[in-house]
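Each chain, letter by letter, is given below.
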Amino acid sequence: MRVHIADHPLITHKLTVLRDQRTPSPVFRQLTEELVTLLAYEATRNVRVTPVDIQTPVTATTGVRIGEPRPLVVPILRAGLGMLEGMVKLLPTAEVGFLGMVRNEETLEPSTYAERLPDDLSDRQCFVLDPMLATGGSLGAAIDFLFKRGAQDVTAICILGAPEGIAAIERQVGDRDVTLVLGARDERLNEKGYIVPGLGDAGDRLYGTV
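Labelled according to an unreviewed UniProt entry, the chain appears under the name Uracil phosphoribosyltransferase, originating from Microbacterium rhizosphaerae. In its Function (unreviewed entry) section, the UniProt entry covering the chain states "Catalyzes the conversion of uracil and 5-phospho-alpha-D-ribose 1-diphosphate (PRPP) to UMP and diphosphate." UniProt lists a comment for the chain under the heading Catalytic activity (unreviewed entry), and it reads "UMP + diphosphate = 5-phospho-alpha-D-ribose 1-diphosphate + uracil".

Quick look at the structure:
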């Protein structure tokens, strides 16, 4: 598994505002969108393209366009939905699927309650959106789900990751083709499975239900 931790002052600045408990939900949502677009730039560095001939006002030349089959963007509901707009702004030709997953707050184990994905993901590049990589349970289950559908190349984009979650995903994916893109690697998980220092519950802060 390849792990890329973004190192850019704009990302660090936006993360600082996201972490601040005084940041209101509208600002939190806007910054999340902006931050995900920056992370998506790194995550799509190896997106597949095909050559295309075009005519400029000066001469004929060759460029590239996003290849087929189109990339598939998969936000994990509900918090991952807040990352979707930032991703499709950068990759508007992508298809979008959904995975609904919930974590049991006692066992910390995930379960899938909804999915809207193509039946066959063979030869698809998949981009999974999940703001917080804490224990790794939800993201790991989502990655497994996509590979069982035939995916061969999965990139996960997370705003924050804890060392425990990163290690759990690395153990789980084995030799499968997985890339993890993070805005930051935080210190640890607390006894409740929350990332420290983290930013709290991303879903609650996105949708104003704190």
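A. Here's a closer look at the environment of Glu 170. Along the chain, the position of Glu 170 falls in helix 5 (residues 163-173). Taking relative accessible area as the criterion, Glu 170 reaches 42% and is therefore assigned partly exposed. Along the primary structure Glu 170 and Arg 2 are separated by 168 residues, whereas in three dimensions their C-alpha atoms are 8.8 Å apart.

B. Quick peek at the pattern of salt bridges. Summed over the entire model, instances satisfying the criterion amount to 12 salt bridges. The residue Lys 14 makes a salt bridge to Glu 34 at a minimum N-O spacing of 2.7 Å. Of this pair, Lys 14 sits in helix 1 (residues 9-19) while Glu 34 is found in helix 2 (residues 25-43), placing the two residues 20 residues apart along the sequence. A residue is classified by how much of its surface remains accessible, and Lys 14, at 13% relative accessible area, is buried. A salt bridge links Arg 176 to Asp 144; the shortest N-O distance between them is 2.9 Å. Placement of Arg 176 in the loop between helix 5 and strand 11 (178-185) and of Asp 144 in helix 4 (residues 137-148) is noted, with a sequence separation of 32 residues between them.

What counts, and at which threshold
Residues numbered from 1 in each chain as written. Predicted model: local features only at pLDDT ≥ 70, side-chain atom pairs only at ≥ 80, totals over all residues. Heavy atoms only, no water. UniProt positions renumbered as here; feature names shortened; annotations may be inferred. Helix = DSSP H or I, 4+ residues; strand = E, 2+ residues; numbered from the N terminus. Buried < 20%, exposed > 50% of the residue type's maximum accessible area, 1.4 Å probe, protein only. Salt bridge = Lys/Arg side-chain N within 4 Å of Asp/Glu carboxyl O.

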